[in-house]
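Structural overview
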Amino acid sequence: MARLFRHLNGWLFALALLLAAGAVGYLTSRHDHVADWTHGGRASLSSESRAVLDALHGPVEIVSYANPQSDLRHTVAGFVQRYQRVKPDLALRFVDPQQDPAAMRELGITVDGALIIHYQGREQRLDELSERSLTNALERLARGGERIVAFVSGDGERRPDDKGNADLGTFMAQLEGRGMRAVPLNFAQVTAVPQHTDLVVLASPELALPDGAVKALTDYVANGGNLLWLSEPSNDDLHLAPLADALGVRVLPGVLVDGQGAALGLQDPRMIALGDYPQHAITRGFTLTTLFPQTSALALSARTDWQVVPFLRSGPQSWTEFKAIDNAQSSTVQYDAAAGELKGPLDFGFALSRLSPSPDKAEQRVVVVGDGDFLSNTFLGNGGNRALGERMFDWLLGDDALVNLPPRGAPDRVLQISQAQLSTVSLGFLVFLPLLLLATGGWIAWRRRRA
């Protein structure tokens, strides 16, 4: 009898195990759970892509023109599924491009697996399957169309399409992927800012602007246009006083220097490093360190109808230095109150906003920064310079939902390790690990001989 019960218990245990396996299989077919244990969630969607999906209100449809005979459809479906986990109303549909070649030619489909993304009556075409390209396309759809950014040119300004050290080509190339298009604005060829311009950028002119150019910029601001003005430390008169008066700001003489730069390893006292920012929509939640090579301090010159909020401010050990600084020699500059130098903290970034004079816009926005080098090709990769520039452009264009997007890039691209740690790792792999393997092998051989 006892033997029968033991056999019965064995069969019941096997039956229970089979039922449990079947239940697990049924649940996995109905529900899925994905866990990503990589650093920073590198195997799943980045925080930036998640933020872009959160900015899309309403369903999104992705149409993939992939050949059903290849494995490409499976690859596309697996890739898009990562987005669908975050946004359930994102749908994927496949179309066989061989069924209607004429329609494919009309749509411009030339690559097997090309995607067309539809959102609120707008669409974006994608020929590359990667998270960066798809997220950029979704961000352009969230932005609501291509934005025209006009760069004033003809007077030594920084060029948005050049790779020179002082130019902005690298930065603007990245912004173009996010739905912005840079165009030149030369007032020797036009007398006013063209209509449908979303933003005008005056990027560090080297020569005095003609009176006609200054008037065109002043009229543009008076009529409700958005402006980004990147100034530089200079004693030259660039004829921009009417524009400054219209904004109620003034560029202070001298160059900002910071006494705490030496503690941060900065050899040039004109290098301003920031890790803390005044509260504004541009800097809300922004914690990255930014570097400004040569900066002018700013001040308010008159009361206007602008609401002015400083969002860049130097430290308490900074001041406006009037004397020339030679990089070839060790710096001995000191604060000199008798010479009229001003002691920090000093503002060098203003965000201005007001009710727009234009009936087509609700709010007019202007940003004035006392430095343009931080977005140049040379310094763009320092800390959070690029991320801060993107936030400024998003705020100026009124894309508030995109201002707080997390910065792009992997958090673990660089391994920070000291010389002592490097020596320890090297000894561990080159000496201790081989000795441990030899000792383990010798111990196993000794045990086998004894057996």
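Keep in mind it's a predicted model, so treat the numbers as computed, not measured.

Thresholds, definitions, all that
Residues numbered from 1 in each chain as written. Predicted model: local features only at pLDDT ≥ 70, side-chain atom pairs only at ≥ 80, totals over all residues. Heavy atoms only, no water. Helix = DSSP H or I, 4+ residues; strand = E, 2+ residues; numbered from the N terminus. Contact = heavy atoms within 4.5 Å. UniProt positions renumbered as here; feature names shortened; annotations may be inferred. Pairing = 2+ DSSP bridges. Axes fitted to C-alpha atoms, helices over the stretch in contact; angles between N-to-C directions. Core = buried A, V, L, I, M, F, W, Y, C linked by side-chain atoms within 4.5 Å. Buried < 20%, exposed > 50% of the residue type's maximum accessible area, 1.4 Å probe, protein only. Salt bridge = Lys/Arg side-chain N within 4 Å of Asp/Glu carboxyl O. Parallel < 35°, antiparallel > 145°, perpendicular 65-115°, else oblique. Left-handed = near helix turned anticlockwise from the far one by under 90°. Nonpolar A, V, L, I, M, F, W, Y, C, P; charged D, E, K, R; others polar. Expected span 1.5 Å × (residues − 1). Polar contact = N/O pair within 3.5 Å; in protein donor to acceptor, adjacent residues only side chain to side chain. Patch = residues over 30% accessible without salt bridge, like charges linked within 9 Å, V, L, I, M, F, W, Y side chains within 5 Å. Areas by Shrake-Rupley, 256 points an atom, 1.4 Å probe, with all protein chains shown as cover. Arc of directions from axis to C-beta.

**Notes on the overall build of the protein chain**
Along the backbone of the protein chain there are eleven helices and 17 strands. Across the protein chain, the fraction of contacts at a sequence separation of at least 24, relative to all contacts at a separation of at least 6, is 73%.

**Observations concerning the UniProt feature "transmembrane region" (unreviewed entry) in the protein chain**
Residues annotated in UniProt with the feature "transmembrane region" (unreviewed entry) correspond here to residues 425-446. Across residues 425-446 one finds 100% helix and 0% strand; the C-alpha atoms that close the span lie 30 Å apart.

**Digging into the sheet that holds strand 7 (residues 199-203)**
Across the sheet, seven strands lie side by side as 6-5-7-8-17-16-14; this open sheet has mixed pairing. One side of each edge strand has no neighbouring strand; the edge strands of this open sheet are strand 6 (180-186) and strand 14 (307-313). This sheet shows a mean twist of 20° between the axes of neighbouring strands, independent of strand direction. Sheet contacts for helix 6 (residues 169-176): strand 5 (147-153) and strand 6; angle to strand 6, the most-contacted strand, approximately 130°.

**Overview of the nonpolar core**
With 40 residues, the main nonpolar core has Leu312, Val367, Met392 and Phe393 as its most contacted residues. With six residues, the single largest contributor to this core is helix 9 (residues 385-396). In this structure Met392 touches Leu228, Ile282, Phe311, Val367, Val369 and Phe374, once residues within four positions along its chain are discounted. Leu209, Leu238, Leu247 and Phe350 belong to the second largest nonpolar core, which has 28 residues in total.

**Brief notes about the pattern of salt bridges**
Under the counting rule described, the total for this entry stands at twelve salt bridges. A salt bridge links Lys215 to Asp219; its shortest N-O distance comes to 2.7 Å. Of this pair, Lys215 and Asp219 both sit in helix 7 (residues 211-222), four residues apart, which is roughly one turn of that helix. On the basis of relative accessible area, Lys215 is assigned to the exposed category, the value being 52%. Arg365 is the salt-bridge partner of Glu363, the closest N and O atoms lying 2.8 Å from each other.

**A closer look at the environment of Leu199**
Along the chain, the position of Leu199 falls in strand 7. Taking the C-alpha atoms as reference points, Leu199 and Val366, separated by 167 residues in sequence, lie 9.3 Å from one another. Once residues lying within four places of it in the same chain are set aside, the contact partners of Leu199 are Ile148, Val149, Ala150, Tyr220, Asn226, Leu227, Leu228, Phe393, Leu396 and Leu397.

**Topic: the sheet that holds strand 3 (residues 114-119)**
Read across the open sheet, the four strands follow the order 2-1-3-4; overall the sheet is mixed. For this open sheet the edge positions go to strand 2 (90-94) and strand 4 (122-126), each flanked by a neighbour on one side alone. If you compare each strand with its neighbour and ignore which way they point, the axes differ by 20° on average. The pairing of strand 1 (residues 60-65) with strand 3 spans five bridges and is classified as antiparallel. In the strand pairing of strand 3, Val63 is matched with Ile116. Sheet strands touched by helix 3 (residues 72-86): strand 1, strand 2 and strand 3. Its angle to strand 2, the strand with the most contacts, is close to 170°. Across the sheet, helix 5 (residues 131-143) lies against strand 1, strand 3 and strand 4, angled at about 160° from strand 4, the strand it touches most.

**Some remarks on unusual backbone geometry**
One non-glycine residue, Ser204, lies in positive phi territory at about 55°. With respect to the helices and strands, Ser204 occurs in the loop between strand 7 and helix 7. Even without glycine at this site, His239 takes up a positive phi of about 65°. Here His239 is to be found in the loop between strand 8 (227-230) and helix 8 (241-247).

**Quick look at the packing of helix 2 (residues 47-54) against helix 5**
Remark: helix 2 packs on helix 5, axes separated minimally by 9 Å, with the N-to-C direction vectors making an angle of 25°. Taken together, the axis directions place helix 2 and helix 5 in an arrangement best described as roughly parallel. Here helix 2 runs over helix 5; the crossing is left-handed. In contact with Glu48, Ser49, Val52 and Leu53 of helix 2, helix 5 contributes Glu131, Arg132, Thr135, Leu138 and Glu139. Broken down by class, the residue content of the contact of helix 2 with helix 5 amounts to three nonpolar, two polar and four charged.

**Re helix 5**
The end-to-end C-alpha distance of helix 5 is 18 Å, a good match for the 18 Å that 13 residues give at a rise of 1.5 Å each. Here helix 5 lies mainly inside the structure; eleven of its 13 residues are buried. Among all positions in helix 5, only Glu131, Ser133, Leu134, Thr135, Asn136, Ala137, Leu138, Glu139, Arg140, Leu141 and Arg143 are buried. One or two positions beyond helix 5, positive phi appears at Gly144, with a value near 95°.

**Considerations on the environment of Ala77**
Relative to the helices and strands, Ala77 is located in helix 3. As a C-alpha pair, Ala77 and Phe94 span 17 residues in sequence and 9.3 Å in three-dimensional space. What Ala77 contacts, discounting residues up to four positions off in sequence, is Leu92 and Phe94.

**Section: the side chain of Glu341**
Here Glu341 is to be found in the loop between strand 15 (318-321) and strand 16 (347-355). At a separation of 3.1 Å, a polar atom in the side chain of Glu341 contacts the main-chain amide nitrogen of Phe322. If near-sequence neighbours (up to four positions away) are discounted, Glu341 is found in contact with Trp319, Thr320, Glu321, Phe322, Lys323, Gln334, Tyr335 and Asp336.

**With respect to a nonpolar patch on the surface**
Taken together, the side chains of Val425, Leu427, Phe429, Leu430, Val431, Phe432, Leu433, Leu435, Leu436, Leu437 and Leu438 define a hydrophobic patch exposed on the protein surface, amounting to about 1,100 Å² of accessible area. Along the chain, Leu436 falls in helix 11 (residues 419-450).

**A short note on helix 6**
Turning to helix 6, its buried residues are Gly169, Phe171, Met172 and Leu175. One face of helix 6 carries all of its buried residues, which in axial projection span an arc of 160°. Contacts from the buried residues of helix 6 go to strand 5, strand 6 and helix 9.

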